[in-house]
Amino acid sequence: MSMHAYDGATAEVSMETFRVVAPGLWTTVQDLGRPGCQRFGVPVGGALDTFALEAANRLVGNEPGAAALEITWLGPRLRVLADTLLAVAGADVPWEINGREAPLWQAVAVRKDDEIRFFPPRRGARAYVAVRGGVAVPAVMGSRSTFVRGGFGGLHGRPLRAGDVISSFRADGRGAGGAGEARARDGLRLPEELRRFGLPQPVRVLAGPQDDLFAPLAMERLLGATFRVSSQADRMGCRLHGPRLPYRTDVTQFVTDGTAPGSIQVPGDGRPIVLLADRQTSGGYPKIATVISADLDFLAQAWAGDRVTFRSVSLEEAHRIRRRRRALLDAVARFTETVSAPTN
């Protein structure tokens, strides 16, 4: 066993849990990110689909922001090194344990020497693999999330490689119910009505903050046209193909300012980019609109060629949608908290 610092406060015992046989396309360790560091040029980062991350963690009895694996398109092959409990949520990703298909949105027990394999998704782009206790990597600036461009966080600041060993914290060491609760959770399945998945159309936006720098035609096109996700989309931004969004005036003197998650930045070529978790903290291109926070999970599931449309909403409606999303996560928490360790 090895020791890791947990949240920079207490020492936690961890155990080697998986060996990476094949890493998949782009598999990283992610949690809810590192807010408060943007003044240093460090983005919040973290999981792109935070709803799926929180739901998967809740199913296995973790805190909602525990570190998990974010898999993109093609997931890894893993050899289990110690008995544990998993949950996979997010994209509709087929996955197998020893060649037998396993369920999504459900806590599933795996045993030492099992082999886990993930396949390309039927729908969506990213799924989250939560392991009982959370993935055990050191916290950097208060988060275990991988920031690949910065080369820190997660497992050595990079995506997984073949031969890597992934450890998890011992849940019983944190008083989380231990093996008894893990056994009780095996098979716990989130009902359909408590799941949130897909790319519903249209994606909702608030105008601005620099919509006044664009020609009226630009906003008409943004809200009236269909865009396609570019093959260049990544964790930094969702690049879109579609009609160009022209500026009203020359913006070469536009002053660089801060960026928010969901900002729709428009470079000089007129092609919009929705900025995501690993975005730069400031940018020199005008931002015509901003995707509301509640819809960013959906954009995380967009893949090259997927269709995206936009609709403008008021700030009040955006707040109502945000509250509904929070209420759904609260319902997930209540459902999963009903499971506890058997009493003697």
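Quick notes on the rules
- Residues numbered from 1 in each chain as written.
- Predicted model: local features only at pLDDT ≥ 70, side-chain atom pairs only at ≥ 80, totals over all residues.
- Heavy atoms only, no water.
- Helix = DSSP H or I, 4+ residues; strand = E, 2+ residues; numbered from the N terminus.
- Rg over C-alpha atoms; globule rule 2.2 N^0.38 Å.
- Buried < 20%, exposed > 50% of the residue type's maximum accessible area, 1.4 Å probe, protein only.
- Contact = heavy atoms within 4.5 Å.
- Lys, Arg positive; Asp, Glu negative; His and termini not counted.
- Charge placed at Lys NZ, Arg CZ, Asp CG, Glu CD.
- Pairing = 2+ DSSP bridges.
- Axes fitted to C-alpha atoms, helices over the stretch in contact; angles between N-to-C directions.
- Phe/Tyr/Trp six-rings, centres within 6.5 Å; stacked < 30°, edge-to-face > 60°.
- Expected span 1.5 Å × (residues − 1).
- 1 Å grid on protein atoms, 1.4 Å probe; cavity = no way out; pocket = protein on both sides within 12 Å on 5 of 7 lines; lining within 4 Å.
- Points joined across faces, edges and corners; volume = space filled by probe spheres on them.
- Salt bridge = Lys/Arg side-chain N within 4 Å of Asp/Glu carboxyl O.

**Describing the overall build of the protein**
When its secondary structure is counted, the protein shows five helices and 22 strands. For the protein, whose C-alpha radius of gyration is 21 Å, the value lies close to the compact-globule estimate of 20 Å for 344 residues. With the principal axes as the frame, the protein shows a C-alpha extent of 70 × 40 × 35 Å. The burial tally for the protein puts 54% of its 344 residues in the buried class. For the protein, the share of sequence-separated contacts (at least 6 apart) that also reach a separation of at least 24 residues comes to 76%. Taken together, the 44 basic and 36 acidic charged side chains of the protein have centroids lying 1 Å from each other.

**Some details on the sheet that holds strand E11 (residues 123–131)**
With respect to topology, five strands assemble into an open sheet ordered E3-E4-E11-E6-E9, the strand pairing being antiparallel. Taken across any chain shown, the strands that pair with only one partner, and hence form the sheet edges, are strand E3 (26–30) and strand E9 (107–110). Across the sheet, the mean angle from the axis of one strand to that of its neighbour is 25 degrees, orientation sign disregarded. Here five bridges tie E3 to strand E4 (residues 68–72), and the two strands are oriented antiparallel to one another. By the bridge assignment for E4, Trp26 is matched with Thr72.

**Things to note about the packing of aromatic side chains**
Evaluation of the coordinates by the stated rule reveals five aromatic pairs. Look at Trp73 and Trp303: their rings are 4.9 Å apart centre to centre, the planes differ by 5 degrees, and that puts the pair in the stacked class. On the criterion of sequence distance, the pair formed by Trp73 in the loop between E4 and strand E5 (77–80) and Trp303 in the loop between helix H4 (296–299) and strand E21 (307–308) is long-range, its members being 230 residues apart. Classification of Trp73 as partly exposed rests on a relative accessible area of 28%. A centroid spacing of 5.9 Å and a plane angle of 65 degrees characterise the contact between Phe227 and Phe310, whose relative ring orientation is edge-to-face. Placement of the pair is Phe227 in strand E14 (residues 227–229) and Phe310 in strand E22 (residues 310–312), with a sequence separation of 83 residues.

**Re helix H5 (residues 315–337)**
Its 23 residues give H5 an end-to-end C-alpha distance of 33 Å, which sits within 8% of 33 Å, the value for a rise of 1.5 Å per residue. By the burial criterion, the buried members of H5 are Ala318, Ile321, Arg325, Leu328, Leu329, Ala331, Val332, Ala333 and Thr336.

**Overview of empty space enclosed by the protein**
Scanning the model with the defined rule gives one cavity of 30 Å³ or more in all. In terms of lining, the largest cavity is formed by Asp49, Phe51, Arg196, Phe197, Gly198, Asp297, Phe298 and Gln301.

**Overview of the pattern of salt bridges**
A full pass over the atoms with the stated rule returns 16 salt bridges. A salt bridge links Arg77 to Glu115; its shortest N-O distance comes to 3.0 Å. Residue Arg77 is located in strand E5, and its partner Glu115 is located in strand E10 (residues 115–118); the two are separated by 38 residues in the primary sequence. Residue Arg77 is classed as partly exposed on the basis of its relative accessible area of 30%. Glu192 is paired through a salt bridge with Arg195; the nearest N and O atoms lie 3.5 Å apart. One network of salt bridges, in which partners are shared, links Glu54, Arg326 and Asp330.

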